[in-house]
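For reference, the chains in residue letters:
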Amino acid sequence: MSAALEPAVASVPGDVLIWRFDRPTEAISSASVNGGAGRIDWILNVGVERGYARTDLDEHAAGIASKLGLAGRGTALFTAVDVRGVCRAECDGVVVHATVGVSGPTWAADSEFVPESSEAGTINVIVQLPVGLDPGAAVNATMTATEAKVQALTEHGVDGTGTATDAIVVAWPAAAPQERFGGPRSVWGQRLALAVHSAVQSGLPQQST
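Criteria and cut-off values
Residues numbered from 1 in each chain as written. Predicted model: local features only at pLDDT ≥ 70, side-chain atom pairs only at ≥ 80, totals over all residues. Heavy atoms only, no water. Helix = DSSP H or I, 4+ residues; strand = E, 2+ residues; numbered from the N terminus. Rg over C-alpha atoms; globule rule 2.2 N^0.38 Å. Buried < 20%, exposed > 50% of the residue type's maximum accessible area, 1.4 Å probe, protein only. Contact = heavy atoms within 4.5 Å. Lys, Arg positive; Asp, Glu negative; His and termini not counted. Charge placed at Lys NZ, Arg CZ, Asp CG, Glu CD. Axes fitted to C-alpha atoms, helices over the stretch in contact; angles between N-to-C directions. Left-handed = near helix turned anticlockwise from the far one by under 90°. Core = buried A, V, L, I, M, F, W, Y, C linked by side-chain atoms within 4.5 Å. Phe/Tyr/Trp six-rings, centres within 6.5 Å; stacked < 30°, edge-to-face > 60°. Lys NZ or Arg CZ within 6 Å of the ring centre and 35° of its normal. Arc of directions from axis to C-beta.

**Brief notes about the overall build of the protein**
Next, step 1: Along the backbone of the protein there are three helices and twelve strands.
Next, step 2: The C-alpha atoms of the protein give a radius of gyration of 16 Å, which matches the 17 Å a tight globule of 209 residues would have.
Next, step 3: On the principal axes, the C-alpha backbone points of the protein span a range of 40 × 40 × 30 Å.
Next, step 4: By the burial criterion, 50% of the 209 residues in the protein qualify as buried.
Next, step 5: Residue pairs in contact within the protein that sit at least 24 positions apart in sequence constitute 77% of those at least 6 positions apart.
Next, step 6: Mean positive and mean negative side-chain charge positions of the protein (13 and 22 charges, respectively) differ by 7 Å.

Here it is, written out as structure tokens:
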């Protein structure tokens, strides 16, 4: 099994968590900067101030990547949570890092539409697998991770399924043999779910809003 990366921390200014991959890495991501599926060289989890109102996220992430000397293609997530409080969990080779904020929880199926608020908290989840995923399994893995996140929120009494700005990245070595399944009752899906649940659960007591 390939060892997962631990994030480095830099101030650019503002604290940023950095995963810089030293081997070809595939990922599927819901991030607003270079989300989707494809090869990545790095991941950023960018800490921003409350009330952050920039809409040029691509440019913001590119400027940070340039300052950090990051080359190639990466994906970037943003959060007003203190990223130095990142929570880590591991389950049989699956490693998860999560920054957890729920100051603005919302229900996914809510008939009262409210525009995204820059004051809302964010739950960013970065998953690293030692095995590959085929396209269907990759999509299923993001579903499994989301279900595990919601389970942790429900158990903690949070009034919502998450926040309007939550994001996830699932990454794996490009050369690893591909798994066909990523659901919660598959071998790797179950491990992913347990690790995500533990990381999110660990982050919830750290903040009261």
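After that view, the rundown keeps rolling.
**Side note on the packing of helix α2 (residues 135-155) against helix α3 (residues 187-203)**
Next, step 1: In the contact formed by α2 and α3, the axes pass within 8 Å of each other and the chain directions differ by 40°. Between α2 and α3 lies a crossing whose hand is right-handed. For the pair α2 and α3, the contacting residues are Ala141, Thr144, Ala145, Ala148, Lys149, Gln151, Ala152, Leu153 and Glu155 in the first and Gly189, Leu192, Ala193, Val196, His197, Val200 and Gln201 in the second.

**Things to note about the environment of Gly183**
Next, step 1: Among the secondary structure elements, Gly183 is positioned in the loop between β12 (178-179) and α3.
Next, step 2: Counting along the chain gives 38 residues from Gly183 to Ala145, while the straight-line C-alpha distance between them is 9.1 Å.

**Some thoughts on the nonpolar core**
In a soluble, globular protein the nonpolar side chains are often hidden away together inside.
Next, step 1: Counting 33 residues, the largest nonpolar core has Val125, Val127, Val196 and Val200 as its most contacted members.
Next, step 2: For this core, the secondary structure elements donating two or more residues are β5 (87-91), β6 (94-100), β8 (123-128), α2, β11 (167-173) and α3.
Next, step 3: Residues in contact with Val200, not counting those within four places in the same chain, are Ala98, Val100, Ile123, Val125, Lys149, Ala152 and Leu153.
Next, step 4: Membership of the second largest hydrophobic core comes to 17 residues, among which are Val16, Trp42, Ala65 and Phe78.

**Comments concerning the packing of aromatic side chains**
Next, step 1: Under the criterion given, the structure shown has one aromatic pair.
Next, step 2: Between Tyr52 and Phe78, the aromatic rings sit 6.0 Å apart at their centres with planes inclined by 20°, giving stacked as the arrangement. Taken together, the residues span a long stretch of sequence, with Tyr52 in the loop between β3 (36-47) and α1 (57-67) and Phe78 in strand β4 (residues 74-79) at a distance of 26 residues.
Next, step 3: Its relative accessible area of 13% is what places Tyr52 among the buried residues.
Next, step 4: Over the face of the ring belonging to Trp188 we find Arg191, whose NZ or CZ atom lies 4.4 Å from the ring centre.

**Digging into α1**
Next, step 1: Within α1, the full set of buried residues consists of His60, Ala61, Ile64 and Ala65. Viewed end-on, α1 has its buried residues packed into an arc of 130°, placing them on one side of the element. Pointing more than 90 degrees away from the buried face of α1 are the exposed residues Ser66 and Lys67.
Next, step 2: The secondary structure elements touched by the buried residues of α1 are β2 (15-29), β3 and β4.
Next, step 3: Two residues or fewer past α1, Gly69 is found with a positive phi of approximately 70°.

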